[in-house]
Amino acid sequence: MRRQRYQSGSLKKRCGKWVGQWWEAGHRRNRALGPVSSMTKSDARKKLDGIIGELRPAGSAVAPNMSMREFIKSVYYPFYTRKWKRSTAGNNINRVDTHVVGEFGDRKVREFRRDDLQKFLDRKAAKLSFSMVDHLRWDLNQIFAMAVSEDLVRKNPAEILFTPSEAKRGPSLVMTIEEVNKCFAILDLRERLIVQLAIVAGMRPGEIFGLTWERVGSDYADIMQRVYRGDVDRPKTRQSTREAALSEGLLGGLERWRTLCSDARPGAWVFSSERGTPLSRDNILRRMIVPKLKTVGLAWVNFQVMRRTHSTLMNNMGIEGKLVADQLGHSLDVNQNVYTKSPVERRKVIVNQLEQALVM
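Everything quoted here is computed from the prediction, not taken from an experiment.

### Comments concerning the confidence of the model for the chain
Across the chain, the average pLDDT comes to 86, with 87% of residues at 70 or higher. Of all secondary-structure elements in the chain, the lowest mean pLDDT belongs to helix H1 (residues 2-6), at 43, while helix H5 (residues 114-125) reaches the highest, 96. Note on residues 1-6: pLDDT is under 50 here. Beyond four places in sequence and across chains, it has 20 contacts.

Take a look at the structure:
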């Protein structure tokens, strides 16, 4: 009975097709899952996992010899997808399936040791970004913490893993005031407003493209939703649901844009496609914004750079950190440690001030 409930099945190529095999009611079963020419091995495995998952009774106990694939598919995902937002679930599942299940899928959960997992992160650090490896470290810790809670392992072998310093870190680019002005000057009204909402108002791209006219107030944007990969979703975090202050110039520009829109009804998107759907952030950046910015040497600017620029310029102006964090829709710690970059010129001023205060 356990073989049926906790099996992972096997995958083979036969006559140009992926064929899945598993045990059911004491008998070996086979099913063609799809042609090898149009179905990847990963997709075939997902389809087989779905078939086997339907055989496993809901609420069944966790088997002591469960493989990593079985545990993630039948225990970890069903629990955490109830908590994750759809966009978060898509990213997390893709990352865990690709890297964790892809490498450790057939290995028993109880067999893992801390050094095995740290060596895994070391290998990933040689190829992947620091952010990706750090997310994998977080994934492993969460997976094994759940394995502990299910009495599958006694201790969490991922609890004190670290992200290797060798993992690649990209430069945290920030625009200067002169570059921001060049950016605004080169863009047409619609694209300029999108960029201004990111740089001046500190809004995320999903919040910008998820904005409807009824959410544009007399002096703020009411952030109640966002658009992520074409889906209308809740804001990224609880703190993201907020009233983002809008400057006088931005409000005036939005009013001019409203008069030019074919549909300016309250429920209409502020930045709408010809089909009446929200504009795609990637399309508008790649096709309409970057080509213009390239002519003034700013092809490296993206939405992340714009948002980081908002935080950094505010900090350089001496604006209280809590105000900036509330405007951006995240915690003060994230604002200070992730988004804000202090220029060396400003830091030189403060070390000079310290030196003058000391008896040298």
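### Topic: the pattern of salt bridges
Under the counting rule described, the total for this entry stands at 15 salt bridges. One salt bridge in this structure joins Glu103 and Arg123, with 2.2 Å as the shortest N-O distance. Taken together, the residues span a long stretch of sequence, with Glu103 in helix H4 (residues 86-104) and Arg123 in helix H5 at a distance of 20 residues. Residue class for Arg123 comes out partly exposed when judged on its relative accessible area of 43%.

### So, helix H3 (residues 68-80)
Over its 13 residues, H3 runs only 16 Å from end to end, short of the ideal 18 Å by more than 12%, given 1.5 Å per residue. Of the residues making up H3, those classed as buried are Met68, Arg69, Glu70, Phe71, Ile72, Val75, Tyr76, Tyr77 and Tyr80.

### Observations concerning the packing of H5 against helix H6 (residues 130-149)
Orientation of H5 relative to H6, taken along the N-to-C sense of each, is 160 degrees, at an axis distance of 10 Å. If you check the angle between H5 and H6, you find them roughly antiparallel. Note on packing geometry: the crossing formed by H5 with H6 is right-handed. Together, Leu117, Phe120, Leu121, Lys124 and Ala125 of H5 and Val133, Leu136, Arg137, Leu140 and Phe144 of H6 make up the contact between the two elements.

### Re the packing of helix H8 (residues 189-199) against helix H11 (residues 281-294)
Contact pair H8 / H11: the axes reach a minimum separation of 11 Å and the direction vectors enclose 120 degrees. Our classification of the angle between H8 and H11 gives oblique. The crossing of H8 and H11 is left-handed. Of the residues in H11, those touching H8 at Arg190, Glu191, Ile194 and Val195 are Ile284, Met288 and Ile289. For the contact of H8 with H11, a count of residues per class yields five nonpolar, no polar and two charged.

### Quick notes on a nonpolar patch on the surface
Residues Met317, Ile319 and Leu323 make up a contiguous nonpolar surface patch of about 300 Å² in total accessible area. Residue placement: Met317 occurs in the loop between helix H12 (303-316) and helix H13 (321-328).

### Considerations on empty space enclosed by the protein
If you walk through the whole model with that rule in mind, you get one cavity of 30 Å³ or more. In this structure, the largest cavity spans a volume of roughly 30 Å³. Every residue along the wall of the largest cavity is listed here: Glu207, Gly210, Leu211, Arg215, Asp222, Ile223, Met224 and Gln225. Looking at the lining of the largest cavity residue by residue, the classes come out as three nonpolar, two polar and three charged.

### Regarding the packing of aromatic side chains
In total, this model carries 11 aromatic pairs according to the counting rule given. For the ring pair Phe112 and Phe144, a centre distance of 5.4 Å and an interplane angle of 70 degrees mean the geometry is edge-to-face. Here Phe112 is found in the loop between H4 and H5, whereas its partner Phe144 is found in helix H6, with 32 residues between them in sequence. According to the relative accessible area criterion, Phe144 is buried, its value standing at 0%. Note on Trp257 and Phe271: the rings are 6.4 Å apart at their centroids and 25 degrees apart in plane angle, and the pair reads as stacked. With Trp257 in helix H10 (residues 248-260) and Phe271 in the loop between H10 and H11, this residue pair connects regions lying 14 residues apart in the sequence. On the accessibility criterion, Phe271 (1% relative accessible area) is buried. What links up through ring pairs into an aromatic cluster is the set Tyr76, Tyr77, Phe79, Tyr80 and Trp84. Just above the ring of Phe112 sits the side chain of Arg107; from NZ or CZ to the centre is 4.5 Å.

### Observations concerning H6
For H6, which comprises 20 residues, the first-to-last C-alpha distance of 29 Å matches the rise-based estimate of 28 Å (1.5 Å per residue) to within 8%. Looking at the buried residues of H6, the elements they touch are H3, H4 and H5.

### As for unusual backbone geometry
Even without a glycine there, the phi angle at Cys15 is positive, about 55 degrees. You can see Cys15 is positioned in the loop between strand E1 (10-14) and strand E2 (17-24). Even without being a glycine, Asp151 presents a positive backbone phi close to 60 degrees. Position of Asp151 relative to the elements: it lies in the loop between H6 and helix H7 (177-186). Given the relative accessible area of 69%, Asp151 is considered exposed.

### A short note on the environment of Lys127
By the secondary structure assignment, Lys127 is in the loop between H5 and H6. Here Lys127 falls in the exposed class, since its relative accessible area comes to 67%. Between the alpha carbons of Lys127 and Lys168 there is a distance of 7.8 Å; along the sequence they are 41 residues apart.

Calculation rules
- Residues numbered from 1 in each chain as written.
- Predicted model: local features only at pLDDT ≥ 70, side-chain atom pairs only at ≥ 80, totals over all residues.
- Heavy atoms only, no water.
- pLDDT = per-residue confidence, 0-100.
- Helix = DSSP H or I, 4+ residues; strand = E, 2+ residues; numbered from the N terminus.
- Contact = heavy atoms within 4.5 Å.
- Salt bridge = Lys/Arg side-chain N within 4 Å of Asp/Glu carboxyl O.
- Buried < 20%, exposed > 50% of the residue type's maximum accessible area, 1.4 Å probe, protein only.
- Expected span 1.5 Å × (residues − 1).
- Axes fitted to C-alpha atoms, helices over the stretch in contact; angles between N-to-C directions.
- Parallel < 35°, antiparallel > 145°, perpendicular 65-115°, else oblique.
- Left-handed = near helix turned anticlockwise from the far one by under 90°.
- Nonpolar A, V, L, I, M, F, W, Y, C, P; charged D, E, K, R; others polar.
- Patch = residues over 30% accessible without salt bridge, like charges linked within 9 Å, V, L, I, M, F, W, Y side chains within 5 Å.
- Areas by Shrake-Rupley, 256 points an atom, 1.4 Å probe, with all protein chains shown as cover.
- 1 Å grid on protein atoms, 1.4 Å probe; cavity = no way out; pocket = protein on both sides within 12 Å on 5 of 7 lines; lining within 4 Å.
- Points joined across faces, edges and corners; volume = space filled by probe spheres on them.
- Phe/Tyr/Trp six-rings, centres within 6.5 Å; stacked < 30°, edge-to-face > 60°.
- Lys NZ or Arg CZ within 6 Å of the ring centre and 35° of its normal.

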